2 protein chains.
Amino acid sequence: MHPNLKLENIRNVLIRQEETIIFALVERAQFKQNKIIYSSAGIPIPDFDGSFVDYILRGTEVLHATIRRYTSPDEHPFFKDLPDPVLPAEAYDYPIKKTDININNHIKDIYINKILTAMCVAGDDGQYGSSAICDVAALQALSKRIHYGKFVAESKFLSDKETYLSLIKAKDKAAIREKITNKNVEKRLIKRVALKAATYGKEIDLTAPEQENQKQKICPQLVADIYEKWLIPLTKDVEVDYLMARGC
Amino acid sequence: MHPNLKLENIRNVLIRQEETIIFALVERAQFKQNKIIYSSAGIPIPDFDGSFVDYILRGTEVLHATIRRYTSPDEHPFFKDLPDPVLPAEAYDYPIKKTDININNHIKDIYINKILTAMCVAGDDGQYGSSAICDVAALQALSKRIHYGKFVAESKFLSDKETYLSLIKAKDKAAIREKITNKNVEKRLIKRVALKAATYGKEIDLTAPEQENQKQKICPQLVADIYEKWLIPLTKDVEVDYLMARGC
């Protein structure tokens, strides 16, 4: 089996991505919701059809596309029609099947309308550029994590081809979803990310009395909820879609 | 006094920037040194004169310039000849004197040749794009922190104009440097960032035995050293240069 498909290696990648996601969320949480930056009518940009955040996100993807970010099997852009790389193509290891599965629009919708609303203080602090730059980091981290479901699914498929093939053939998505689910792993994951959020979001103030030292930059339960309500189910969506698209 | 110049508010900004800096360093530390991305000859980019990291850093600055990042008094670009904003100019509060002080070349040199060498495992893991994107975040955070010395200096100046004016007039840089130095604040800062690095860089593994749970993603003493050897002295350089350029 390709090393990138060993379930233990995949889990380690996903675990390391938790830090990246939590850091990005803690960074964004220092600013208010700033809803104006998510609506096309909010801050009109000349010659650009979209929101302020779309403008920064697309601009970042245009740049990153030129260094071939999106030729990597674990990267998925939010925008189409990105430029070709300026660097010669790299002979990437491509251990999964190529599919056109990309649920970034859905991820962006949930991020803006659910996660930000729950995470950031309501209102407007004028920190539009800083907020948008944090949003780009957070969206890219969430997208990477969720689409890593393709690697997870391929790994699980290879470990029990026969069963998966019969479920795929029967188009039994519910049974596939049940088979890829490991409730114990999920419970441990949720417990771990809450502990990480509590640790990485801790206010550290040498002068404050001990009990005041417990302020948090982000609510650990919220991070646990984000994983439970969105990240885990969306990753499973990708896994099921991937297996259905994979076929035999 | 302008609220952005109150020393207490400035200290709070600098303290919050510590998290941003430490998160960025922890993120970069997961990859090897990847020296090839810092040399112009390393990964040649068509029609671009500079290293792979320069290409990403400049491209990011080009994008951010269009949303007027560098018209803000606390932002300083690494590159010149950036495009004009596409958005109308904002009536920024500009509570400090305008100067052309920008020590980003020096910051970049120290980051690449001192900080990265001490922080990352030697060698090449091929993670060029990911490393470079972390570098951009780290360089921007370091630059912002160090150039915030302008706000610190203006605040200190306003609190004791008479003394500063006589030192500036006498061009006594050594005496200015001594006057802006507060050894107790520095000691507390260094202690605090070491504690933050220990907390935010902690490996969290629910399944590992307690003592193995103490692995760190970044050495806390290294972060303390980065502040003591580079960030604090460079901020003071900016403060002294600012006061000399400020004049009366």
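All values reported here derive from a predicted model rather than from experimental measurement. (Residues numbered from 1 in each chain as written. Chains lettered and ligands numbered in written order. Predicted model: local features only at pLDDT ≥ 70, side-chain atom pairs only at ≥ 80, totals over all residues. Heavy atoms only, no water.)

(A) Up close: the packing of helix H1 (residues 7-29) of chain B against helix H4 (residues 128-147) of chain B. Residue and element names in this part refer to chain B. Viewed as axis vectors pointing N to C, H1 and H4 meet at an angle of 160°, and their least axial separation amounts to 9 Å. Classified by the angle their axes make, H1 and H4 are roughly antiparallel. Regarding H1 and H4, the two cross each other, and that crossing is left-handed. The segment H1 lies against H4, with Leu 14, Gln 17, Thr 20, Ile 21, Ala 24, Leu 25, Glu 27 and Arg 28 engaging Ser 131, Cys 134, Asp 135, Ala 137, Ala 138, Ala 141, Leu 142, Lys 144 and Arg 145. (Axes fitted to C-alpha atoms, helices over the stretch in contact; angles between N-to-C directions. Helix = DSSP H or I, 4+ residues; strand = E, 2+ residues; numbered from the N terminus. Parallel < 35°, antiparallel > 145°, perpendicular 65-115°, else oblique. Left-handed = near helix turned anticlockwise from the far one by under 90°. Contact = heavy atoms within 4.5 Å.)

(B) Molecular detail of the side chain of Lys108(A). Residues and elements named next belong to chain A. Looking at where Lys 108 falls in the secondary structure, it is placed in helix H3 (residues 104-119). With a relative accessible area of 16%, Lys 108 lands in the buried category. Not counting the four nearest positions on each side in its chain, Lys 108 is found in contact with Asp 54, Leu 57, Phe 78 and Leu 139. (Buried < 20%, exposed > 50% of the residue type's maximum accessible area, 1.4 Å probe, protein only.)

(C) Representation of the confidence of the model for chain A within the structure. Scored by pLDDT, chain A has a mean of 94; 97% of the residues are at 70 or more. Two summary scores accompany this predicted model of the complex, namely pTM at 0.96 and ipTM at 0.95. (pLDDT = per-residue confidence, 0-100.)

(D) Quick look at helix H2 (residues 52-66) of chain B. Taking 1.5 Å per residue, 15 residues should reach 21 Å; H2(B) reaches 22 Å between its end C-alpha atoms and fits that length. Positive phi shows up at Arg68(B), right after H2(B), with a value of about 60°. (Expected span 1.5 Å × (residues − 1).)

(E) Structural context of the relation of the copies chain A and chain B. The two copies are related by a screw motion: chain A maps onto chain B through a turn of 180° and a shift of 0.0 Å along the axis, at an RMSD of 0.0 Å. The transformation just described matches what one would write down for a two-fold rotation axis. Distance from the rotation axis, computed per C-alpha, reaches its smallest value in chain A at Tyr200(A): 2.4 Å. Both copies share a contact surface, since 100% of the interface residues of chain A are interface residues in chain B too. (Least-squares fit on C-alpha atoms with pLDDT ≥ 70 in both.)

(F) A look at the side chain of Ser143(A). Residue and element names in this part refer to chain A. Checked against the element boundaries, Ser 143 lands in helix H4 (residues 128-147). For Ser 143, a relative accessible area of 2% puts it in the buried group. Among the polar contacts listed, one links the side chain of Ser 143 to the side chain of Asn 104, at a separation of 2.7 Å. The contact partners of Ser 143, leaving out residues within four places of it in the chain, are His 76, Phe 78, Asn 104 and Ile 107. (Polar contact = N/O pair within 3.5 Å; in protein donor to acceptor, adjacent residues only side chain to side chain.)

(G) View of the environment of Trp230(B). All names here are of chain B. Its location among the elements puts Trp 230 in helix H9 (residues 220-246). Relative accessible area serves as the criterion here: at 15%, Trp 230 is assigned to the buried category. Each C-alpha atom, one on Trp 230 and one on Glu 19, is 17 Å from the other, the two residues being 211 residues apart in sequence. Once residues lying within four places of it in the same chain are set aside, the contact partners of Trp 230 are Ile 110, Lys 114, Ile 115 and Asp 225.

(H) How the structure looks around the packing of H4(B) against H9(B). Residue and element names in this part refer to chain B. As a packed pair, H4 and H9 sit with axes 8 Å apart at the nearest point and diverge in direction by 50°. With respect to H9, the element H4 is oriented oblique. Residues Leu 142, Arg 145, Ile 146 and His 147 of H4 lie in contact with H9, whose contacting residues are Tyr 227, Leu 231, Leu 234, Thr 235 and Val 238. In the contact of H4 with H9, the residues fall into six nonpolar, two polar and one charged. (Nonpolar A, V, L, I, M, F, W, Y, C, P; charged D, E, K, R; others polar.)

(I) Quick look at the interface of chain A and chain B. Taken together, the 38 residues of chain A in the interface contact 38 residues of chain B. For the chain A face of the interface with chain B, the top three residues by lost area are Phe23(A), Ile204(A) and Leu206(A), together amounting to 19%. Taken together, chain A and chain B are joined by four salt bridges. Our count for the contact surface shared by chain A and chain B stands at 13 residue pairs in polar contact (both at pLDDT 80 or more). (Buried area = accessible area lost by both parts, 1.4 Å probe. Salt bridge = Lys/Arg side-chain N within 4 Å of Asp/Glu carboxyl O.)

(J) Examining unusual backbone geometry more closely. A positive phi angle is found at Asp47(A), which is not glycine, with a value near 60°. Looking at the secondary structure, you find Asp47(A) in the loop between helix H1 (7-29) and helix H2 (52-66). Judged by relative accessible area, which is 84%, Asp47(A) ranks as exposed. At Asn34(B), a residue that is not glycine, the phi angle is positive and equals roughly 50°.

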